[in-house]
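Spelled out from the first residue to the last, the chains are:
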Amino acid sequence: AGLVSRHVLQSGIKSGEAPMAQSFVVVGAYGGVGEALCRRLARRGARVLMAGRDPGKLAPLAADIGGETVALDATEPNQVEACLRRAAEVSGGSGS
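About the cut-offs
Residues numbered from 1 in each chain as written. Predicted model: local features only at pLDDT ≥ 70, side-chain atom pairs only at ≥ 80, totals over all residues. Heavy atoms only, no water. Buried < 20%, exposed > 50% of the residue type's maximum accessible area, 1.4 Å probe, protein only. Helix = DSSP H or I, 4+ residues; strand = E, 2+ residues; numbered from the N terminus. Arc of directions from axis to C-beta. Contact = heavy atoms within 4.5 Å. Axes fitted to C-alpha atoms, helices over the stretch in contact; angles between N-to-C directions. Parallel < 35°, antiparallel > 145°, perpendicular 65-115°, else oblique. Left-handed = near helix turned anticlockwise from the far one by under 90°. Core = buried A, V, L, I, M, F, W, Y, C linked by side-chain atoms within 4.5 Å.

Student: Explanation requested: helix H3 (residues 55–65) in the structure shown.
Tutor: Three- or four-residue spacings in an α-helix give side chains the same orientation, since the helix completes a turn every 3.6 residues. Those residues of H3 not exposed but buried are Leu58, Leu61, Ala62 and Ile65. The buried residues of H3 occupy an angular sector of 105° when the element is viewed end-on, so they sit on one face. Among the exposed residues of H3, those oriented more than 90 degrees off its buried face are Pro60, Ala63 and Asp64. Looking at the buried residues of H3, the elements they touch are helix H2 (32–43), strand S2 (47–52) and strand S3 (68–71).

And the structure:
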């Protein structure tokens, strides 16, 4: 949580700032800091792709904030590659 908190602070993500036109992949958004980060990014207008071993658990949050989910077990190279391709698609890249 410390790394995420420092990164969020260094990124200037705080209430009252201008909207974002960026995309983010958040791993571990099942609750706590990850969920709060997703909500804050979405409020700022960012596109949020939530990655986790069980995308079904992330579906309610995705529906609530207008985000997307993708399956990701970081120990599985094929899933990591698929997540990266999906992230490129979400951010407007080609995914290749």
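Alright, that's what it looks like, and here's the rest.
Student: What is the right way to look at the packing of H2 against H3 in this model?
Tutor: Working note: a packed helix pair is described by the angle between its axes plus the distance between those axes. Following both chains from N to C, one finds H2 and H3 inclined at 20°, their axes separated by 10 Å at the closest point. Between H2 and H3, the crossing angle belongs to the class labelled roughly parallel. Between H2 and H3 lies a crossing whose hand is right-handed. Note on element contacts: H3 touches H2 through Leu61, Asp64 and Ile65, opposite Glu35, Cys38, Arg39 and Ala42.

Student: How should the nonpolar core be read in this particular structure?
Tutor: In globular proteins that are soluble, nonpolar side chains generally tend to be buried together. Listed in full, the 12 residues of the largest apolar core are Val26, Ala29, Leu37, Cys38, Leu41, Ala46, Val48, Met50, Leu58, Leu61, Ala62 and Ile65. Ranked by residues supplied to this core, first place goes to H3 with 4 residues. Within the second largest apolar cluster, 6 residues are counted, among which are Val70, Leu72, Cys83 and Ala87.

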